[in-house]
Amino acid sequence: MGIVKAEKTPARVAPIFETSVVGWLRKNLFSNTFNTILTFITLYIIYLTISGVFTWGYVDATFVADNRRECYDNSLTGACWAGVIDWFDNIFYGRYPRDQIWRINFGGLLLALWMAPMWMGPVKGKVLIGISVVAFYPFLAGYLFSGGDKGMFMQVMIALALVAFIINMANMVIGLSNKQSLRQFLIRVLGQSTAPDKTQRNILLILAVAAFGAAFFWQSGWGVEGVSWTKWGGLFLTLVISGIGIASALPGGIILALGRRSKLPVLRVLSTGFIEVFRSVPLITVLFMATTMFPLFMPEGFVLNKLVQVIIAVVLFNACYMAETVRAGLQAIPKGQFEGAHTIGLGYWGTMGLIIMPQALKHMIPNIVGSFIGLLKDTTLVSIIGLFDILGMLRSISKDQPWLGLHKEPLVFGAILFFIICFSMSKYSRHLEVKLSAGSRH
Amino acid sequence: MLQGENNMSDQQSLGQLASAASSEVMIEINQMNKWYGQFHVLKDINLTVHKGERIVICGPSGSGKSTLIRCINALEEHQEGDIIVDGIVLGKNLKNLDHIRTEVGMVFQNFNLFPHLTILENLTLGPMWVRKMGRAEANEIAMQYLERVKIPEQADKYPGQMSGGQQQRVAIARSLCMSPKIMLFDEPTSALDPEMIKEVLDVMVDLADTGMTMIVVTHEMGFARTIADEVIFMDEGDIVETNKPADFFGNPEHERTQKFLSQIL
Ligand SMILES: Nc1ncnc2c1ncn2[C@@H]1O[C@H](COP(=O)(O)OP(=O)(O)O)[C@@H](O)[C@H]1O
Ligand SMILES: [Mg+2]
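What comes next is a walk through the structure. Predicted model, so just to flag it, every value in this text is computed and none were measured.

Parameters and conventions
Residues numbered from 1 in each chain as written. Chains lettered and ligands numbered in written order. Predicted model: local features only at pLDDT ≥ 70, side-chain atom pairs only at ≥ 80, totals over all residues. Heavy atoms only, no water. Helix = DSSP H or I, 4+ residues; strand = E, 2+ residues; numbered from the N terminus. Buried < 20%, exposed > 50% of the residue type's maximum accessible area, 1.4 Å probe, protein only. Contact = heavy atoms within 4.5 Å. Areas by Shrake-Rupley, 256 points an atom, 1.4 Å probe, with all protein chains shown as cover. Lys, Arg positive; Asp, Glu negative; His and termini not counted. Charge placed at Lys NZ, Arg CZ, Asp CG, Glu CD. Pairing = 2+ DSSP bridges. Axes fitted to C-alpha atoms, helices over the stretch in contact; angles between N-to-C directions. Near = heavy atom within 4 Å. Polar contact = N/O pair within 3.5 Å; in protein donor to acceptor, adjacent residues only side chain to side chain. Nonpolar A, V, L, I, M, F, W, Y, C, P; charged D, E, K, R; others polar. Core = buried A, V, L, I, M, F, W, Y, C linked by side-chain atoms within 4.5 Å. Salt bridge = Lys/Arg side-chain N within 4 Å of Asp/Glu carboxyl O. Disulfide = S-S within 2.5 Å. 1 Å grid on protein atoms, 1.4 Å probe; cavity = no way out; pocket = protein on both sides within 12 Å on 5 of 7 lines; lining within 4 Å. Points joined across faces, edges and corners; volume = space filled by probe spheres on them. Buried area = accessible area lost by both parts, 1.4 Å probe. Patch = residues over 30% accessible without salt bridge, like charges linked within 9 Å, V, L, I, M, F, W, Y side chains within 5 Å. Phe/Tyr/Trp six-rings, centres within 6.5 Å; stacked < 30°, edge-to-face > 60°.

So, the overall build of chain A
Along the backbone of chain A there are 20 helices and 0 strands. Projected onto its principal axes, the C-alpha coordinates of chain A cover approximately 95 × 75 × 50 Å. When each of the 442 residues of chain A is scored for burial, the buried share is 39%. Within chain A, counting contacts between residues at least 6 apart in sequence, those at least 24 apart form 66% of the total. Summed over all atoms, the accessible surface of chain A reaches about 25200 Å², with 70% contributed by carbon and sulfur. With 36 positive and 21 negative side-chain charges, chain A shows a separation of 15 Å between the mean positions of the two kinds.

A look at the sheet that holds strand β7 (residues 182–186) of chain B
Residues and elements named next belong to chain B. Strand order in the open sheet formed by 6 strands is β6-β7-β8-β3-β9-β10, with mixed pairing between adjacent strands. Each end of this open sheet is capped by a strand with a single partner; those strands are β6 (104–107) and β10 (238–243). The sheet shows a mean angle of 20° between the axes of neighbouring strands, direction not considered. As judged from the 4 bridges shared by strand β3 (residues 54–58) and strand β8 (residues 213–217), these two strands associate in the parallel manner. When the sheet's bridge partners are listed, Ile55 is paired in β8 with Ile215. Its contacts with the sheet place helix α2 (residues 65–72) against β3, β6, β7, β8 and β9 (230–235), and it is angled at close to 155° to β7.

What to know about the site of ligand 1
Residue and element names in this part refer to chain B. Residues in close proximity to ligand 1 include Tyr36, Phe39, Val41, Pro60, Ser61, Gly62, Ser63, Gly64, Lys65, Ser66 and Thr67, which together make up its full environment. Here a nitrogen atom of ligand 1 sits 3.4 Å away from a polar atom, N or O, in the side chain of Tyr36. Within the side chain of Thr67, an N or O atom sits 2.4 Å from an oxygen atom of ligand 1. Among the elements of the structure, β2 (39–50) and α2 are those that each provide at least two residues to the shell around ligand 1. For the shell around ligand 1, the element with the highest residue contribution is α2, accounting for 3 residues. A per-class count over the shell around ligand 1 returns 4 nonpolar, 6 polar and 1 charged.

Quick word on the nonpolar core
For soluble globular proteins, nonpolar side chains are generally found buried alongside one another. Judged by nonpolar contacts, the single largest core of 76 residues is most densely connected at Tyr96, Trp114, Phe145, Trp232 and Ile241 of chain A. Among the secondary structure elements, those contributing two or more residues to this core are α7 (101–115), α8 (126–146), α9 (152–178), α12 (234–261), α13 (265–279), α14 (283–292), α16 (306–331) and α18 (348–378) of chain A. Broken down by element, the residue count for this core peaks at 13 residues, all from α16 of chain A. The contacts of Tyr96 of chain A, once residues within four sequence positions are left out, are Ile101, Arg103, Ile104, Leu144, Phe145, Val227, Lys231, Trp232 and Phe236 of chain A. Counting 52 residues, the second-largest nonpolar core is a separate cluster that includes Met133, Ile151, Val203 and Ala228 of chain B.

A short note on the pattern of salt bridges
Going through the model one piece at a time under the given rule, you end up with 13 salt bridges over all chains. Asp89 of chain A serves as the salt-bridge partner of Arg98 of chain A, at 3.6 Å between the closest nitrogen and oxygen. Asp86 of chain B is the salt-bridge partner of Lys181 of chain B, the closest N and O atoms lying 2.9 Å from each other. Separated by 95 residues along the polypeptide, Lys181 of chain B in the loop between α6 (164–176) and β7 and Asp86 of chain B in the loop between β4 (80–85) and β5 (88–89) bring together distant segments of the chain. The class for Lys181 of chain B is partly exposed, based on a relative accessible area of 38%.

Structural notes on the environment of Thr9 of chain A
All names here are of chain A. Tracing the backbone shows Thr9 in the segment before α1 (16–19). By relative accessible area, which is 49% here, Thr9 ends up partly exposed. Considered as a pair, Thr9 and Trp349 are 340 residues apart in the sequence and their alpha carbons are 56 Å apart.

Observations concerning the state of the cysteines
Residues and elements named next belong to chain B. Within this structure, the stated rule accounts for 1 disulfide over all chains. Between Cys71, a cysteine without a disulfide, and Cys58, which holds the nearest cysteine sulfur, the sulfur-to-sulfur distance is 19 Å. For Cys71, a relative accessible area of 0% gives the class buried.

Details of empty space enclosed by the protein
One way to see where empty space is left: roll a probe the size of a water molecule over the atoms. All names here are of chain B. Counted according to the given criterion, the structure contains 1 cavity of 30 Å³ or more. Space inside the largest cavity adds up to approximately 50 Å³. Taken together, Arg148, Val149, Ile172, Leu176, Val203, Asp206 and Leu207 make up the lining of the largest cavity. Secondary structure elements with two or more residues in the lining of the largest cavity: α6 and α7 (194–209). Here the residues of the lining of the largest cavity sort into 5 nonpolar, no polar and 2 charged.

What about the interface of chain B and chain A?
At the interface, 24 residues of chain B touch 22 residues of chain A. Here chain B and chain A share an interface that buries about 2100 Å² over both sides, 61% of which is from carbon and sulfur atoms. When the buried surface of chain B facing chain A is broken down by residue, Arg101, Pro115 and His116 of chain B rank first, second and third, together holding 31% of it. Joining chain B to chain A, the criterion identifies 1 salt bridge. For Arg70 of chain B, the salt bridge goes to Glu339 of chain A, with nearest N and O atoms at 2.6 Å. Scanning the region where chain B abuts chain A turns up 7 residue pairs in polar contact (both at pLDDT 80 or more). Elements represented by at least two residues in the side of chain B that touches chain A include exactly α3 (94–103), β6 and α4 (119–129) of chain B. Sorting elements by how many residues they give to the side of chain B that touches chain A places α4 of chain B first, with 3 residues. Taken together, the residues of the side of chain B that touches chain A break down into 13 nonpolar, 8 polar and 3 charged.

So, a negative patch on the surface
On the surface, a cluster of negative charge is contributed by Asp66, Glu70, Asp73 and Asp86 of chain A. Within the element layout of this structure, Asp66 of chain A appears in the loop between α3 (33–59) and α4 (68–74).

What about the packing of aromatic side chains?
Residues and elements named next belong to chain A. In the structure shown here, the tally under the stated rule is 25 aromatic pairs over all chains. Relative to Phe92, the ring of Phe88 lies with its centre 5.6 Å away and its plane at 80°, an arrangement referred to as edge-to-face. Highlighted residues: Phe88 and Phe92, both in helix α6 (residues 88–93), separated by 4 residues, approximately one helical turn. A residue is classified by how much of its surface remains accessible, and Phe88, at 33% relative accessible area, is partly exposed.

Quick notes on the pairing of β10 of chain B
With 5 bridges joining them, β9 of chain B and β10 of chain B adopt antiparallel strand pairing. Note on β10 of chain B: the bridge partner recorded for Val231 of chain B is Asn243 of chain B.

Re a nonpolar patch on the surface
Residues and elements named next belong to chain A. Side chains of Val21, Trp24, Leu25, Phe30, Phe40, Leu43, Ile46 and Ile50 sit close together on the surface and give an oily, nonpolar patch of about 800 Å² of accessible area. Per-element tally for the nonpolar patch: the top contributor is α3, with 4 residues. Take Ile50: it is sitting in helix α3.

This is a description of form; function is not addressed.
Have a look at this one:
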């Protein structure tokens, strides 16, 4: 005879230990005598550290002074932030002419505006926005920062960048107000919704060409004075180098990783060799090689400035690391995805671009952000080969006459700055991970 | 198995589906051999499939069933013999391969849907990127096929949010969106919970009704009886027996077939 349970068991509330704060504290921090002692010792150490730092950095600190002497007069044991504050412009902008600093801020603002739509839910075409930033923004910003005469190539690129920017902004406004893409909106306003795809495309093409003409005309009458790259410095320079590094490391890494997995032996061996060589030397070596040996390979009379050499080195180095990250991401994609793509007739590039890469990149986000954080921090190495990036600037404060010997405060300030930037990046990557995995669960 | 039996009795009341086979040859395989390294997977395979014909392949695990149908849509290369699909010879010619893949649809045991795309996007990807169709038209076709596999309301979900049976029906619809001439099925119900098997088999029976040329690797014997024009039994890389379903199940000729059937029925 079977045994039958007559009634359904109702769900009960979880025991208090599992849910309340007190329960959590009891379980995790005060579960036995030893644990309790450890908890108190740890709390004491934390208290000592925080109160020490707080007294030094805030209570006893000097914020207004003309030189280090005055700081000491005020307090012997406190921090002398006055030196850091006095050097603020240098720390952020290097020796960029003070009356031109707006250009850097403006460039930053443009970038922020350009990328902002990527975080706005209803806006369409996010991938295109991302691509347009990488493809066009550098030219606009490059001219904004360095100024001077524009060659024909630069003029075209600047006009293109302007068109891309305006399209992007219009697309954002339409997306936010109408939940449509700019394309749909224009077609509807022009009353062509029922026209065939080809006509629609031609109309948009004509509009784009007209916009380009207008932008080209406008930019030819506009210019800013030249600022030599030797005047670039501080956080600005760090962000320029690491920004270019970040923007090109990912595409470069993808190309190298695909090369390494290619069926063509030549491509595979070249990519593998390239990746392994760069991965087996430290960045500082690559930087020295780039600045001392690179010129030897260049044709006679062809002089690259140091900044460009450094950027090339940083880009190559990071592309190689990224290639390995991408390769790991690709390996995590099940074979079935390739076969699924195959059966609907997608070729190599279609399969990679539409099916494999989007999934692989999603898995790789934590690693990619990790590399970006590493890249940002590694960029400070360029101060060793004589560029005044943020670290270079922070260290030169101690050589400035009024602030002679002021080492600690600038470096602490730099550490805080880096912590803020890197920590927010890593927090954001966590957030992205959660958001993306919520979208499509396996 | 239970579901398969049910399905069989359902369909038997209707009688066996009328064969749609014509005399036009869709697939022709001559003396085909394939090796994985030193391992001889497929041995002297000969097979002719006519337009509208429905073939069921069964056989023990590892007998080369998957490999055979994967060779037909060029997912695997064969080393000897000829495979001619819709008049096109499969070989090293990449252009031919591209063409074949759009003519031959395939449904896998594990669905192989694209998890990062919605159901609708899964279906429109091929038509838009391979057939260069406009979005509106592609959407329309996709919805039409979703309707046919009876899940139009799920168009905006992601594959991960659906049951196995629903995913498999989406996979079938995805293939159909490319309007293939031949559909290959590799154990389409083997990864499914028993209560979902019938919904997928029903869709496949509907498809057979439309006159599609089909090759189905399956152990659903009820299904095989209902739709198959011919049942093929494979063992250790050989096609051991080819027979009409009634004879295959009622009166198998080869002793290996008899043994296999006694194990699974
Ligand atoms: N990629 C491969 N490399 C080497 N051996 C394989 C590969 N794929 C399948 N095999 C072998 O080929 C045989 C036939 O496999 P398969 O066609 O999948 O059998 P079935 O589908 O009938 O179960 C099996 O013994 C399997 O181990
Ligand atoms: Mg198999």
